[in-house]
Amino acid sequence: MMQIDFHTSIDAIDAPEWNCLVSDDNPFLRHEFLAALEHHGCVGERFGWLPTHLSVRQSGRLIGVSPLYFKHNSYGEFVFDHAWADAYRQNGLAYFPKLVSAIPYTPATGSRLLIAPDVDAQAVREQMIASVRALTSRSGASSLHWLFPPLEEAEAFTSAGLSERLGVQFHWHNPGYADFEQFLAELTTKRRKNIRQERRKVKDAGLRLRRIPGNEVTPEEWRLFERFYRKTFEERYSLPTLNLGFFQEIGQTLGRQVVLVLAYEGAHCIAGALLYRSRDVLYGRHWGGISHHDSLHFEACYYQGIEYAIAEGLRVFEPGAQGEHKIWRGFLPTLTRSYHWIEHPGFRQGIDNFLSQETPAVLDYYRTLHSSNPFKNT
């Protein structure tokens, strides 16, 4: 008999128990990351992410969890449903609240149904999805959304009647490069030359870059990065949801799973990029600076990450959402997935009709992007 519970704080679940269910040591799924968001007000009423995490126990043992939130907006999701919300509003219906299983502000692929390895995974998945759908109905939420799950969870969602939506990101893959030069050797002459030119511009400008593990970042370095991060959002008239307390906490609790790249002009720190890592994957998340230099963004956000991934033997580098320019720098088009349950039968049918047209267009876009493949032999 499975016991299902929903929790308004992740701290209601024991951290070691939760982390035992995290495969590949995914930093965004670890208890420490999700707890830091809650501890420092990065989620909650102010930003419209209300924790409602799911837990499954059997004979008292935690065998399944899912990060889950009631949402009162669509900010920080990276699967854009604004047109769906507009359609609800135009018909006098409320699209919010909705239920979302995702990592706030983080468009990274990762399990959304975390399950112990020695149980009947299919049965637990079915129970988890059914329980969240039941919560959607009884809470009056308009819909349920599972964002950026891995392909191996797809069948569980589609079998439960959820609709699949595709997206495209750009990921770098490491077949076992010995160094950055071996990676460059696999590119076409034009792309290899462009990358070398960009890196040379940074070097010729006298800029120096450092990669620092999270547990070695000083309080002053976190203050500098938080300033860079906030400036980036403010320049885009957007909302900076993370803060200094959050950065400092994850630096200590996640330690070497956090990598801060800082750029210096002489003795002055002028820019930074924040990366995270699992056992096999590197993730690029945030960037900012107070001084503009040609190609510094590419160096800090992409080339430093590729160098790090090669040195650490990481197999994939996910640098974040969007950005077709990443293809020219070795990042290949990659399909992402999300799954959606719409409570209103009429809107469910309408959105399914929309997806039946959107999906072929996304697949055509994905195939077209491959024509810009920068590798010689692919």
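About the thresholds
Numbers given for residues are sequential positions, taken from 1 along each chain in its written order. Residues qualify for local features only when their pLDDT is at least 70, as the model is predicted, and side-chain atom pairs are given and counted only at 80 or more; totals for whole chains, interfaces and linings, by contrast, use all residues. Hydrogens and water molecules were not included; the side-chain quantities draw on all heavy atoms of the structure. Note on conventions: DSSP H or I runs of at least 4 residues are helices, E runs of at least 2 residues are strands, and numbering of each starts at the N terminus. Computation of the radius of gyration draws on C-alpha atoms alone. For the globule rule, the value is 2.2 Å times the number of residues to the power 0.38. In this scheme, a residue with accessible area under 20% of its type's maximum is buried, one over 50% is exposed, and one in between is partly exposed, where area comes from a 1.4 Å probe on protein chains only. Contact between two residues is taken to exist if any of their heavy atoms lie within 4.5 Å; hydrogens are not considered. To get an axis, fit a line to the C-alpha atoms, keeping to the stretch in contact for a helix; angles then go from 0 to 180 degrees between the N-to-C directions. Here is the rule for angles: anything less than 35 degrees is roughly parallel, anything more than 145 is roughly antiparallel, 65 through 115 is roughly perpendicular, and the remaining ranges are oblique. Crossings are assigned a handedness: left-handed for a near helix turned anticlockwise from the far helix by less than a right angle, right-handed for a clockwise turn. Note that Gly is not counted as nonpolar here; it falls among the polar residues with everything else outside the nonpolar set of Ala, Val, Leu, Ile, Met, Phe, Trp, Tyr, Cys and Pro and the charged set of Asp, Glu, Lys and Arg. A 3.5 Å cut-off defines polar contacts: any pair of N or O atoms within that distance qualifies, except that in protein one atom must be a possible hydrogen donor and the other a possible acceptor, and neighbouring residues in sequence count only when both atoms are side-chain atoms. DSSP-based pairing: two strands are paired if at least 2 bridges between them are found. Buriedness for pockets is judged along seven lines, at least five of which must meet protein on both sides within 12 Å for an open set on the 1 Å grid over protein atoms alone, while cavities are sets there where a 1.4 Å probe fits but cannot get out, and lining residues have an atom within 4 Å of a point. Grid points are joined across faces, edges and corners, and a volume is the space filled by probe spheres set on the points. Working definition of a nonpolar core: buried Ala, Val, Leu, Ile, Met, Phe, Trp, Tyr and Cys residues. They are joined through side-chain atoms within 4.5 Å.

**Student:** Describe the overall build of the protein chain, and please don't skip the residues or the numbers.
**Tutor:** Regarding its fold elements, the protein chain presents 11 helices and 15 strands. Computed over C-alpha atoms, the radius of gyration of the protein chain comes to 21 Å, within 12% of the 21 Å expected from 2.2 N^0.38 for 378 residues, which places it in the range of a compact globule. Along the first, second and third principal axes, the C-alpha atoms of the protein chain reach 60 × 45 × 45 Å. Across the 378 residues in the protein chain, those meeting the buried criterion constitute 56%. Intrachain contacts of the protein chain at a sequence separation of at least 6 include 76% that bridge at least 24 residues.

**Student:** Any chance you could break down the packing of helix α7 (residues 189-204) against helix α10 (residues 296-312) for me, citing the residues and the numbers?
**Tutor:** At a closest axis distance of 10 Å, the pairing of α7 and α10 adopts a crossing angle of 115°. Judged by the angle between their axes, α7 and α10 are roughly perpendicular. The two elements α7 and α10 meet at a crossing, and its hand is left-handed. Across from Ile195, Glu198, Arg199 and Val202 in α7, the residues of α10 making contact are Leu296, Phe298, Glu299, Tyr303, Gln304 and Glu307. The residue inventory of the contact of α7 with α10, partitioned by class, reads five nonpolar, one polar and four charged.

**Student:** Tell me about helix α9 (residues 244-253), residues and numbers included.
**Tutor:** Within α9 the residues assigned to the buried category are Phe246, Phe247, Glu249, Ile250 and Gly251. Those residues of α9 hidden inside the fold are in contact with α2 (31-39), α8 (219-235), β11 (258-265) and β12 (268-277). Measuring from the side-chain oxygen of the N-cap residue of α9 to the backbone nitrogen of glycine 245 gives 3.3 Å; that N-cap residue is asparagine 243. Of the residues flanking the end of α9, it is glycine 255, one or two places downstream, whose phi is positive at about 55°.

**Student:** Could you give an account of the environment of valine 316, with specific residues and numbers?
**Tutor:** With respect to the helices, strands and loops of the structure, valine 316 is situated in strand β14 (residues 316-318). A sequence separation of 183 residues divides valine 316 from arginine 133, and the C-alpha atoms of the two residues are 33 Å apart. If near-sequence neighbours (up to four positions away) are discounted, valine 316 is found in contact with His171, Trp172, His173, Asp280, Val281 and Leu282.

**Student:** I'd like a description of the sheet that holds strand β3 (residues 53-58), backed by residues and values.
**Tutor:** Spatial ordering of the open sheet is given by β1-β3-β4-β7, a layout of four strands whose pairing is antiparallel. Because the sheet does not close on itself, it has two edges, and the strands there are β1 (2-7) and β7 (114-115). Sheet topology note: the β3/strand β4 (residues 61-66) ladder contains five bridges and is antiparallel. Counted as the bridge partner of leucine 54 is serine 66 from β4. Sitting on the sheet, helix α4 (residues 121-139) touches β1, β3, β4 and β7, and the angle it makes with β1 is about 45°.

**Student:** Give a description of the layout of surface pockets that names residues and reports values.
**Tutor:** Volume-wise, the largest pocket comes out at about 820 Å³. Surrounding the largest pocket, 33 residues form its lining, Phe78, Phe233, Arg236, Arg285 and Ala321 being those nearest its centre. Residue composition of the lining of the largest pocket, by class: 16 nonpolar, 13 polar and four charged. Put simply, the second largest pocket is a space of about 660 Å³. In terms of lining residues, the second largest pocket is bounded by 33 residues, among which Thr109, Gly110, Ser111, Pro150 and Glu152 are the most central. Every element with two or more residues in the lining of the second largest pocket is listed here: β7, α4, β9 (163-173), β13 (281-289), β14 and β15 (332-342). Tallying contributions element by element places β15 first for the lining of the second largest pocket, with four residues. Counted by class, the lining of the second largest pocket contains 17 nonpolar, nine polar and seven charged residues.

**Student:** Could you give an account of the nonpolar core, with specific residues and numbers?
**Tutor:** Grouped together as the largest cluster of nonpolar side chains are 76 residues, with contacts concentrated most on Phe33, Trp146, Trp222, Phe246, Ile250 and Tyr276. Among the elements that make up this core, the one with the highest residue count is α8 (six residues). Those residues in contact with tryptophan 146 that sit more than four places away from it in its chain are Ser66, Ser101, Arg112, Leu113, Ile129, Val132, Phe157, Leu162, Ser338 and Tyr339. Listed in part, the 39 residues of the second largest apolar core include Leu166, Leu275, Tyr303 and Phe375.

**Student:** Tell me about the side chain of histidine 171, and name the residues and values.
**Tutor:** Its place among the elements puts histidine 171 in strand β9. Taking the relative accessible area as the measure of exposure, histidine 171 reaches 4% and is therefore buried. A polar side-chain atom of histidine 171 sits 2.9 Å from a polar atom in the side chain of glutamine 169. Setting aside anything within four residues of it in sequence, one finds histidine 171 in contact with Val316, Phe317, Glu318, Pro319, Gly330, Phe331, Leu332 and Thr334.

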